[in-house]
Amino acid sequence: MLQQPRPAAPEAGAPLLSLAGVGKRFGNQVTALDGLDMEVRRGEFLSLLGPSGCGKSTALRLIAGLAEPSSGRIAFNGERAGKPSAAHKPSATHRTAATHPSVGFVFQEPTLMPWASVFGNVHLPLKLAGIGRREAEPAIMEALEMVGLDGFRDAYPRELSGGMKMRVSIARALVTKPRLLLMDEPFAALDEITRFKLNNDLLQVWRQLNCTIVFVTHSVFESVYLSTRILVFRARPGRVAAELAIDPALERDEAFRTSPEYAALCRRTSTALAAAMNAG
Ligand code: ADP
């Protein structure tokens, strides 16, 4: 796919959302997050990087409204967030668009309905919002085109490869045209070649939709390739230990993957990650 450099994300104005002093303690006494401060800026591709178990997914689920923080606050557009909603819904019905952006969520597993076609799976969020097949068709086909699966509308999940299933899962998240796309290690289970291809296609979608992405990963290489900013988490209880900015104007393509510049950025990020792990 064509890789055009993207203009820098706008820095001006309030962040899309911010977390201040957020903590999350589970019933089993595990404190996943403690004093998490971070903001998500409009139009950025933000990665949350850290080893397994440091609270990245928990942070993402709190942002999505799938769980409530035990302490601290999460504010959308500067407004205090209300009670959250399910991420697969097109937007929080009990919040106005001004206070909560429409959110799409992509899980590590594609979580497709095996009995429904690709078309039916992507229809789901709109169906939940009361939009029938015929009315939803243009949006569904547009989402499938964006992930390169418009020729597979009538296929069933069992007929698809792992990469294609993930594409359907991404199309399902995109069908509502979310302003904020939350992705929880979506490519971790895929082989490297498929992952590289999906990395490129995801960047294309990000540019095309002009949306904001928060992407959870434990891969230094993936975070550097995709992001305009990386937040490095320290070991549990999680909070941000370091922040790295990556020039949004850098063209992300195969030449970049093998460039000294990419290697240097990966080294810097690895060093920050190692320091965060040792900080305890
Ligand atoms: P990461 O995404 O960085 O791998 P998680 O956010 O999934 O980390 O988990 C952080 C910690 O919180 C882990 O120790 C995990 O076992 C624990 N945890 C996550 N979800 C729950 C839950 N629903 N109940 C109890 N403990 C949980």
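Before any of the text, the structure's been laid out above.
Residues numbered from 1 in each chain as written. Predicted model: local features only at pLDDT ≥ 70, side-chain atom pairs only at ≥ 80, totals over all residues. Heavy atoms only, no water.

### Points about the site of the ligand
Convention followed: Summary of the distance rule: residues count as near a molecule or strand when at least one heavy atom falls within 4 Å of that molecule or strand. Here a polar contact is recorded for every N or O atom pair within 3.5 Å, except that within protein the pair must consist of a potential hydrogen donor and a potential acceptor, and residues adjacent in sequence are included only if both atoms are side-chain atoms. A 1.4 Å probe and the Shrake-Rupley method give the accessible areas. Residues count as covered only by the protein chains that appear here. Starting at the N terminus, helices and strands are each numbered in turn, a helix being any DSSP run of H or I of at least four residues and a strand any DSSP run of E of at least two. Three classes are used: nonpolar for Ala, Val, Leu, Ile, Met, Phe, Trp, Tyr, Cys and Pro, charged for Asp, Glu, Lys and Arg, and polar for all others, with Gly counted as polar.
In the vicinity of the ligand, 13 residues are found, and the nearest of them are Gly 53, Gly 55, Lys 56, Ser 57 and Thr 58. Note that an oxygen atom of the ligand is positioned 2.6 Å from one of the side-chain N or O atoms of Ser 57. Within the side chain of Arg 236, one N or O atom sits 3.2 Å away from an oxygen atom of the ligand. Surface burial for the ligand is 64%, taken as the share of its 560 Å² of free accessible area covered by protein chains. At three residues, the largest contribution of residues to the shell around the ligand is made by helix 1 (residues 56–64). By residue class, the composition of the shell around the ligand is five nonpolar, six polar and two charged.

### A short note on the environment of Arg 234
Our working rule: Partly exposed describes any residue whose relative accessible area lies between the buried limit of under 20% and the exposed limit of over 50%, with all areas from a 1.4 Å probe on protein chains only and scaled to the type maximum.
On the secondary structure map, Arg 234 appears in the loop between strand 9 (229–233) and strand 10 (240–245). Judged by its relative accessible area of 15%, Arg 234 falls in the buried class. Looking at Arg 234, its side chain comes within polar contact range of the main-chain oxygen of Pro 237, at 3.1 Å.

### Side note on the sheet that holds strand 10
Pairing between the strands of a sheet is mediated by backbone hydrogen bonds and can be parallel or antiparallel. Going by this rule: Two strands qualify as a pair provided DSSP detects at least 2 bridges between them. The convention used is that axes are lines fitted to C-alpha atoms, helices contributing only their stretch in contact, and that angles between N-to-C directions extend from 0 to 180 degrees. Whether two residues are in contact is decided by their heavy atoms: any pair within 4.5 Å suffices.
Spatially, six strands are ordered 6-7-8-3-9-10 in an open sheet, and the strand pairing comes out mixed. The sheet is open, and its two edges are formed by strand 6 (103–106) and strand 10, each paired on a single side. Taken over all neighbouring pairs, the strand axes of this sheet differ in orientation by 15° on average, direction set aside. Sitting on the sheet, helix 4 (residues 162–174) touches strand 6 and strand 7 (180–184), and the angle it makes with strand 6 is about 165°.

### Concerning the pattern of salt bridges
Spelled out, the test is: Take a side-chain nitrogen of Lys or Arg and a carboxyl oxygen of Asp or Glu: if they are within 4 Å of each other, that pair is a salt bridge.
Under the definition given, this model contains eleven salt bridges. The closest approach of N and O atoms between Glu 39 and Arg 41, which form a salt bridge, is 3.9 Å. We classify Arg 41 as partly exposed; its relative accessible area is 21%. Where Glu 243 meets Arg 229, a salt bridge forms, and the shortest distance between an N and an O atom there is 3.0 Å.

### Re helix 5 (residues 192–209)
Selection rule: Multiplying one less than the number of residues by 1.5 Å gives the expected span of a helix.
In this model helix 5 runs 25 Å from its N-terminal to its C-terminal C-alpha over 18 residues, within 8% of the 26 Å that 1.5 Å per residue would give. Among all positions in helix 5, only Arg 195, Leu 198, Asn 199, Asn 200, Asp 201, Leu 202, Leu 203, Val 205, Trp 206 and Arg 207 are buried. Measuring from the backbone nitrogen of Ile 193 back to the side-chain oxygen at the start of helix 5 gives 3.1 Å, which picks out Asp 191 as the cap.

All quantities given are derived from atomic positions and should not be read as evidence of function.
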